[in-house]
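Spelled out, the chains give:
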Amino acid sequence: MIGLKGTLNVIDNSGALLVECVNVLKQKVNNGWGSVGDEIVCVVKRARPVAANATGNAIKVRRGDVRRAVIVRTRKSVRRPDGRFIRFDDNAAVLLNNKREMLGTRIGGVVSADLRMKGWGKIVSLAPKVV
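First, a word on what this report is: a plain description of the structure on this page. In this text, all values refer to a predicted model and were calculated from it rather than measured experimentally.

Overview of the sheet that holds strand β1 (residues 7-10)
And then number 1: The strand order around the closed barrel built from five strands is β1-β2-β3-β4-β7, with neighbouring strands paired in mixed fashion. The average angle at which neighbouring strand axes cross in this sheet is 55°, direction not considered.
And then number 2: Bridge analysis of β1 against strand β2 (residues 16-25) gives three bridges, and the strand direction is antiparallel. The residue of β2 that forms the bridge with N9 is L18.

Written as structure tokens, this is what we have:
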């Protein structure tokens, strides 16, 4: 359950390390709270430093950038259809561009299997582990 001012770790290689949620983009089903698979608008709070002589454009975001992201892990437990509850150690997200495509090319961490049901199969296929 991610709401306004909630902070999330970024687990892709877009260059951001920590983001803060400013809006949850979905229908008014859950009163402004986002869960796994929901799209949010966030501000980059901490990013990797940009090298002065960087030839490749590996770092795609800077501190203060407003971006969209999809939630991939939450500390709040989520109930699965078979009755199990799944909970992670932190809140995490993957940054998106305006076309709802991933900004990074790699994912460095565990993601929830619920993403596949919500239409984020690309994230699930790139993740090293799915729980």
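Back to the write-up after that little detour.
Considerations on the side chain of S112
And then number 1: Within the secondary structure, S112 sits in the loop between β8 (110-111) and α1 (114-117).
And then number 2: The residues contacting S112, other than those within four sequence positions of it, are V36, V72, R80, F88, V124, V130 and V131.

Observations regarding the environment of V130
And then number 1: Position of V130 relative to the elements: it lies in strand β9 (residues 129-130).
And then number 2: In sequence terms V130 and E101 are 29 residues apart; their C-alpha atoms lie 20 Å from each other.
And then number 3: V130 has contacts with V111, S112, A113 and V124, leaving out every residue within four places of it along the chain.

Side note on the pattern of salt bridges
And then number 1: Under the defined criterion, the tally for this structure stands at six salt bridges.
And then number 2: Residue R100 is joined to E39 by a salt bridge in which the shortest nitrogen-to-oxygen separation is 2.9 Å. One end of the pair, R100, is in the loop between β7 (92-96) and β8; the other, E39, is in strand β3 (residues 39-47), with 61 residues separating them in the sequence.
And then number 3: For R73, the salt bridge is made with D90, and the minimal N-O distance between the two is 2.9 Å.

Rules behind the numbers
- Residues numbered from 1 in each chain as written.
- Predicted model: local features only at pLDDT ≥ 70, side-chain atom pairs only at ≥ 80, totals over all residues.
- Heavy atoms only, no water.
- Pairing = 2+ DSSP bridges.
- Helix = DSSP H or I, 4+ residues; strand = E, 2+ residues; numbered from the N terminus.
- Axes fitted to C-alpha atoms, helices over the stretch in contact; angles between N-to-C directions.
- Contact = heavy atoms within 4.5 Å.
- Salt bridge = Lys/Arg side-chain N within 4 Å of Asp/Glu carboxyl O.

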